[in-house]
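Tertiary structure, described
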Amino acid sequence: MHQLKKHLSEEQIAQCADLLQERREIPTNLQQHLDVCSSCKYELMSVMELSSSNIKVISFRARKGWMLGAAALILILVGTALYFNLQEKKTVEAPQMVQQQSIKLENQTETEEKQQAIPTDTMDVAVQSDQLALFVPNPQFEQLVDRFKDQMRSDIKIRQIEMQVNSQQLKLTWQQSAPEDITFEVYDNSGILRKTLETKSPPLIIENLGLGLYYIKVMNADFDLLQCLKVKIE
Ligand SMILES: [Zn+2]
C-alpha cells in the first residue's frame, strides 16, 4: 500500500470521520497519509467535531468544505485535541478488552468445574474410562500371543496351558513332560512387568492382579520364550 500523493478527498475525509467515530480502523493508505499530512488531519478533525455535535447541516457544510476562517481555526485546534484524545483511547481500550476476555474464560472454567463436581455420574464415567484403559490391547504383546497361538514348537516342554480366573486369582495348569524350572512373567497392558513367578511343576496360582488385561510370558530355564498368554481379569 503506497502513500497517497494527493490530499484526501472530501469523501475520504468523511469516511475516515465515520470510521473514527465508530472506533474502527481507518484504511492503511488513508491512515498513512493522515500520519504525514497535517492539513488533511485537521480537516478530518474539524469534520469530526462538527458531526459529533449533532448539527447535521453544519456537518454537511463542513464536508462540502464551507469553512470560514476564524471558525475553522478554532475547529482545527479542538480537532487536534480530539484526535490525540481518540488515539489515546484507542491504545488504552485494547488491553481492557483482552482483560475482559480472560475474565470471561476464567468464569467459563469455573462453571465447567462446577458442572463436573456436581453429578456422581460423571465420576462413574471417569472411573469407567480408566477401567477401559486397563483393557486396551498392547500391540506388541498381541503379536507375541498370535505367534504362539498358531505355532506349536517341537521343543516346547509344557503344553496346553489352561487358565482359570476366579475373582482376582488366576490359576494356570498345564502338561509337562518332566520337571523343569519355568518362569512366568506377568505384564499389564501397558507393558509393565507386574509379577515374576517360578515353578517346577503345575499348577501356578497368581494372586492380587487387579482388574485389567494381562500378558504372561512363559519361559524355560534358559529364558527361551515358550508361550505368551493373554488373560482378562474382570
Ligand atoms: Zn493531505
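These remarks concern the structure in this document. Quick caveat: nothing in here was measured; it's all calculated off a predicted structure.

1. Regarding the overall build of the protein chain
A tally of helices and strands in the protein chain yields seven helices and seven strands. When its helices and strands are written in sequence order, the protein chain yields α-α-α-α-α-α-α-β-β-β-β-β-β-β. Expressed as a percentage of its 234 residues, the buried residues of the protein chain come to 17%. Counting contacts in the protein chain only where the partners sit at least 6 residues apart, residues at least 24 apart contribute 61% of the total.

2. Some points on the pairing of strand β6 (residues 212-219)
Where burial is concerned, most of β6 is hidden: six out of the eight residues are buried. As paired elements, strand β3 (residues 182-188) and β6 share six bridges and run antiparallel to each other. Bridge pairing links Glu185 to Lys217 in β6. Relative to strand β7 (residues 225-233), β6 is paired through eight bridges, and the arrangement is antiparallel. Residue pairing across strands places Met219 opposite Leu225, the latter belonging to β7. The turn joining β6 and β7, which pair antiparallel and follow one another in sequence, is formed by five residues; a positive phi near 60° is taken by Phe223.

3. Side note on helix α2 (residues 28-36)
Within α2, the full set of buried residues consists of Leu30, His33 and Leu34. What you see down the axis of α2 is that its buried residues fit within an arc of 100°, all on one side. In α2, the exposed residues that point more than 90 degrees away from the buried face are Thr28, Asp35 and Val36.

4. Focus: the environment of Leu225
Within the secondary structure, Leu225 sits in strand β7. By C-beta crowding, Leu225 is classed as partly exposed, having 14 other C-beta atoms within 10 Å. Placed 42 residues apart in sequence, Leu225 and Thr183 show a C-alpha to C-alpha distance of 9.5 Å. Ignoring sequence-local partners within four residues, the contact set of Leu225 consists of Lys217 and Met219.

5. A few points about the sheet that holds β3
Read across the sheet, four strands follow the order β4-β3-β6-β7 without closing on themselves; strand pairing throughout is antiparallel. Looking at which strands have only one partner, the edges of the open sheet turn out to be β4 (193-199) and β7. Across the sheet, the mean angle from the axis of one strand to that of its neighbour is 20°, orientation sign disregarded. With six bridges joining them, β3 and β4 adopt antiparallel strand pairing. Residue Val186 lies in a different strand from β4, and its bridge partner there is Lys195.

6. A word on the environment of Glu234
For Glu234, the location among the structural elements is in the segment after β7. For Glu234, a count of 12 C-beta atoms within 10 Å corresponds to the exposed category. With 22 residues separating them in the primary sequence, Glu234 and Gly212 have C-alpha atoms 6.5 Å apart.

7. A few points about unusual backbone geometry
For the peptide bond that leads from Pro202 to Pro203, omega is -5°, which places it in the cis range. When you line up the elements, Pro203 lands in the loop between β4 and β5 (204-206). Although it is not a glycine, Arg23 adopts a positive phi angle of roughly 60°. Looking at where Arg23 falls in the secondary structure, it is placed in the loop between α1 (10-21) and α2.

8. Things to note about α1
An ideal rise of 1.5 Å per residue puts 16 Å on 12 residues; α1 measures up with 16 Å between its terminal C-alpha atoms. Buried within α1 we find Gln12, Ile13, Cys16, Ala17 and Leu20. The buried residues of α1 occupy an angular sector of 140° when projected down its axis, which confines them to one face. Projecting away from the buried face of α1 at angles above 90 degrees are the exposed residues Glu11 and Gln21.

9. Considerations on the nonpolar core
Within the largest apolar cluster, 13 residues are counted, with the highest numbers of intra-cluster contacts made by Ile13, Cys16, Ala17, Cys40, Leu44, Val47 and Met48. Where this core is concerned, the elements lending two or more residues are α1, α2 and α3 (38-52). Of the residues forming this core, the biggest block, six residues, is contributed by α3. With residues up to four places along the chain from it excluded, the contact list for Ala17 reads Leu44, Val47, Met48 and Ser51.

Quick notes on the rules
- Residues numbered from 1 in each chain as written.
- Predicted model: local features only at pLDDT ≥ 70, side-chain atom pairs only at ≥ 80, totals over all residues.
- Helix = DSSP H or I, 4+ residues; strand = E, 2+ residues; numbered from the N terminus.
- Buried ≥ 20, exposed ≤ 12 C-beta atoms within 10 Å, placed from the backbone.
- Contact = placed C-beta atoms within 7 Å.
- Pairing = 2+ DSSP bridges.
- Arc of directions from axis to C-beta.
- Axes fitted to C-alpha atoms, helices over the stretch in contact; angles between N-to-C directions.
- Expected span 1.5 Å × (residues − 1).
- Core = buried A, V, L, I, M, F, W, Y, C linked by C-beta atoms within 7 Å.

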